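Take a look at the letters that make up each chain.
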Amino acid sequence: MFRLGLVGGGRMGRTHMSALAAGGDVRVVAVAEPDAATRTMIEGPGVAVHATLGGMLDSGGLDGVLIAVPSPMHVDVVREIAARG
């Protein structure tokens, strides 16, 4: 099982979560989402929800990260992920 962290739990993030739930090889196990109301919408068994990307990365246990934040934020998110190895 490939354990995936999702950055962004908005509309696009939830679309990715639904699509991945249909498969069997990849599972979203953590989500980083700053908006409290959106975090509440995506809480569920087997998914750790974090207010920050750093919190999600610090929790460990991820094999990869899927970025689903608005496009203008992608470079900053990739930089933070890369800086943490």
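Please read these numbers as outputs of a predicted model, since none were measured by experiment.

J.: Describe the nonpolar core, listing the residues and the values that go with them.
T.: Grouped together as the largest cluster of nonpolar side chains are eight residues: Leu 4, Leu 6, Met 17, Val 28, Val 31, Ile 42, Val 47 and Ala 68. Elements with a contribution of two residues or more to this core: β1 (2–7) and β2 (26–32). Those residues in contact with Val 31 that sit more than four places away from it in its chain are Leu 6, Gly 8, Gly 9, Met 17, Ile 42, Val 47, Ala 48, Val 49, His 50 and Met 56. Membership of the second largest hydrophobic core comes to seven residues, among which are Ala 30, Ala 32, Leu 53 and Val 77.

J.: With reference to specific residues and values, describe the sheet that holds β1.
T.: The strands that make up a sheet are held in pairs by hydrogen bonds between backbone atoms, and each pair lies either parallel or antiparallel. Within the open sheet, the four strands sit side by side as β3-β2-β1-β4. Their pairing is parallel. If you trace the sheet from one side to the other, it starts and ends with β3 (48–50) and β4 (64–67), each paired once. Adjacent strand axes in the sheet meet at a mean angle of 30° when their direction is disregarded. Helix α1 (residues 11–21) contacts β1, β2 and β4 of the sheet and is inclined by roughly 155° relative to β2. Taken strand by strand, helix α4 (residues 74–83) contacts β1 and β4, and its axis lies near 170° from that of β4.

About the thresholds
Residues numbered from 1 in each chain as written. Predicted model: local features only at pLDDT ≥ 70, side-chain atom pairs only at ≥ 80, totals over all residues. Heavy atoms only, no water. Core = buried A, V, L, I, M, F, W, Y, C linked by side-chain atoms within 4.5 Å. Buried < 20%, exposed > 50% of the residue type's maximum accessible area, 1.4 Å probe, protein only. Helix = DSSP H or I, 4+ residues; strand = E, 2+ residues; numbered from the N terminus. Contact = heavy atoms within 4.5 Å. Pairing = 2+ DSSP bridges. Axes fitted to C-alpha atoms, helices over the stretch in contact; angles between N-to-C directions.

Function cannot be inferred from these measures alone, as they are strictly geometric.
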